[in-house]
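Fold and contact review
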Amino acid sequence: MSDLVESRADSTLAEFTADVCRRLASGLLDRTGDDLRDLVAQEVDGLRAALSDPSFLDTADAPSDPPFVSPKGYTTINTNPVTSRRNPLAPLVTIEHDGDVVEMTTTLSLPYQGPRGRVHGGYAAVLLDHVLWHAVRSRLDSVSFTRSLTITYEQALPIGTELTMTGRVTEIDGRKTFAAGEIKAGDVVCVRGEGLWVSPRPRT
Ligand SMILES: CCCCCCCCCCCCCC(=O)SCCNC(=O)CCNC(=O)[C@H](O)C(C)(C)COP(=O)(O)OP(=O)(O)OC[C@H]1O[C@@H](n2cnc3c(N)ncnc32)[C@H](O)[C@@H]1OP(=O)(O)O
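Quick caveat, the model's predicted, so the values are computed rather than measured.

A closer look at the overall build of the chain
A tally of regular secondary structure across the chain gives three helices and nine strands. Shown N-terminal to C-terminal, the secondary structure of the chain runs as helices and strands in the order β-α-α-β-β-β-β-α-β-β-β-β. Structurally, the chain occupies a C-alpha span of about 55 × 45 × 30 Å along its principal axes. Going through the 204 residues of the chain one by one, you find that 34% of them count as buried.

Shown next as structure tokens:
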């Protein structure tokens, strides 16, 4: 069992701060002038209030990503740029395992935009890499790394619409695990991905 290394209040403050950063990142891209000033002032007020009075924060839910001491004794913070509540770059996602299939959902806002109204293709690849990695991880005892990933963009992937990423393992061959999946907006498959994950050679 891992130990926590900071108080629940501090973890809650960190995640609140990350949420402020997410809102500011979006606001900077869709507001100007007084509208932007209002947002910045409101978020700064919220941060000041949270710092001076911890009861300002909603502590009903436990923090999603408190730092902890790993079984090997390292202080560990989840830095993941897809899933960590504490990393402002990460959108908020859900991940569920259903048998061999892993499903992830999220809605992406303007910081992830490429062409107007569409998700940046590189970020679509990030989401597929992540869901496929989870599918692979659920089938292996060891860690593995993405060795190749081929992405096919079938349709525009919309900003501001719930997206569903699905991944499954298609073949295991020794250290090599192949997986495939897709990203859907509603019922429409917009992006497909397939790749290879390789576990490091065992140490001799
Ligand atoms: C729940 C817990 C949460 C935890 C949070 C953590 C979240 C993490 C989330 C992470 C999310 C995302 C994940 C990430 O972001 S992972 C980060 C991105 N990926 C990397 O950094 C990996 C970089 N590469 C390497 O380090 C090495 O290549 C590794 C160590 C993987 C293997 O190096 P190694 O020198 O050992 O082997 P090899 O690669 O030469 O070859 C291996 C085998 O593969 C065959 N091969 C190669 N290419 C292909 C191909 N295209 N089609 C078919 N086969 C191919 C090749 O012929 C050989 O076959 P064989 O001769 O053995 O039969």
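With respect to the nonpolar core
Nonpolar side chains tend to gather and get buried jointly when the protein is soluble and globular. Core analysis: the biggest nonpolar cluster contains 26 residues, and Leu-108, Leu-127, Leu-157, Leu-163 and Ile-183 have the highest contact counts within it. The set of elements that each furnish at least two residues to this core consists of strand E5 (101–107), helix H3 (121–137), strand E7 (162–173), strand E8 (176–185) and strand E9 (188–198). Per-element accounting of this core gives the leading share, eight residues, to H3. Ignoring sequence-local partners within four residues, the contact set of Leu-108 consists of Pro-91, Val-119, Tyr-123, Leu-127, Ile-159, Gly-160 and Leu-163.

Remarks on the domain arrangement of the chain
When the domains of the chain are assigned, the result is domain 1 (1–83) and domain 2 (91–198). Spacing between the C-alpha centres of domain 1 and domain 2 amounts to 26 Å. Listed as interface residues are nine residues of domain 1 and, on the opposing side, twelve residues of domain 2. Our count for the contact surface shared by domain 1 and domain 2 stands at zero salt bridges. Counting every contact that joins domain 1 to domain 2 gives two residue pairs in polar contact (both at pLDDT 80 or more).

A closer look at the site of the ligand
Every residue close to the ligand is listed here: Asn-80, Asp-129, Trp-133, Phe-145, Thr-146, Arg-147, Ser-148, Arg-175, Lys-176, Leu-196, Val-198 and Arg-201. A distance of 3.1 Å separates a nitrogen atom of the ligand from a polar backbone atom of Thr-146. At 3.3 Å from an oxygen atom of the ligand is found a side-chain nitrogen or oxygen belonging to Arg-201. For the ligand, the accessible surface in isolation is 1300 Å², of which the surrounding protein chains cover 47%. Looking at the shell around the ligand, the elements that each hand over two or more residues are H3, strand E6 (145–153) and E9. Of the residues forming the shell around the ligand, the biggest block, four residues, is contributed by E6.

Points about a negative patch on the surface
Together, Asp-30, Asp-34, Asp-35 and Asp-38 make up a negatively charged patch on the protein surface. At three residues, helix H2 (residues 33–52) tops the list of elements feeding residues into the negative patch. Structurally, Asp-34 can be placed in helix H2.

Some thoughts on the UniProt feature "domain: Thioesterase" (unreviewed entry) in the chain
Residues annotated by UniProt as "domain: Thioesterase" (unreviewed entry) correspond here to residues 117–187. Across residues 117–187, helical content stands at 24% and strand content at 44%; the span's end C-alpha atoms are separated by 18 Å.

A short note on the packing of aromatic side chains
Taken as a whole and assessed by the stated rule, the structure comprises two aromatic pairs. Taking the centre distance of 6.1 Å and the plane angle of 85 degrees together, the rings of Phe-16 and Phe-56 count as edge-to-face. Taken together, the residues span a long stretch of sequence, with Phe-16 in helix H1 (residues 8–30) and Phe-56 in the loop between H2 and strand E2 (68–69) at a distance of 40 residues. Owing to a relative accessible area of 18%, Phe-16 belongs among the buried residues under this scheme. Ring centres 4.7 Å apart and planes at 50 degrees place the aromatic pair Tyr-112 and Tyr-123 in the tilted group. Remark: Tyr-123 occurs in helix H3 and Tyr-112 occurs in the loop between E5 and H3; sequence separation between them is eleven residues.

Digging into the pattern of salt bridges
Inspection of the entire model under this criterion finds eight salt bridges. For Arg-85, the salt bridge is made with Asp-19, and the minimal N-O distance between the two is 2.5 Å. One end of the pair, Arg-85, is in the loop between strand E3 (75–76) and strand E4 (94–98); the other, Asp-19, is in helix H1, with 66 residues separating them in the sequence. Residue classification places Arg-85 among the partly exposed residues on the basis of a relative accessible area of 25%. Residue Asp-19 is classed as buried on the basis of its relative accessible area of 14%. Among the ionic contacts, a cluster of salt bridges with common partners joins Asp-19, Arg-22 and Arg-85.

Scoring rules and cut-offs
Residues numbered from 1 in each chain as written. Predicted model: local features only at pLDDT ≥ 70, side-chain atom pairs only at ≥ 80, totals over all residues. Heavy atoms only, no water. Helix = DSSP H or I, 4+ residues; strand = E, 2+ residues; numbered from the N terminus. Buried < 20%, exposed > 50% of the residue type's maximum accessible area, 1.4 Å probe, protein only. Core = buried A, V, L, I, M, F, W, Y, C linked by side-chain atoms within 4.5 Å. Contact = heavy atoms within 4.5 Å. Domains from an automatic or database assignment. Salt bridge = Lys/Arg side-chain N within 4 Å of Asp/Glu carboxyl O. Polar contact = N/O pair within 3.5 Å; in protein donor to acceptor, adjacent residues only side chain to side chain. Near = heavy atom within 4 Å. Areas by Shrake-Rupley, 256 points an atom, 1.4 Å probe, with all protein chains shown as cover. Patch = residues over 30% accessible without salt bridge, like charges linked within 9 Å, V, L, I, M, F, W, Y side chains within 5 Å. Lys, Arg positive; Asp, Glu negative; His and termini not counted. Charge placed at Lys NZ, Arg CZ, Asp CG, Glu CD. UniProt positions renumbered as here; feature names shortened; annotations may be inferred. Phe/Tyr/Trp six-rings, centres within 6.5 Å; stacked < 30°, edge-to-face > 60°.

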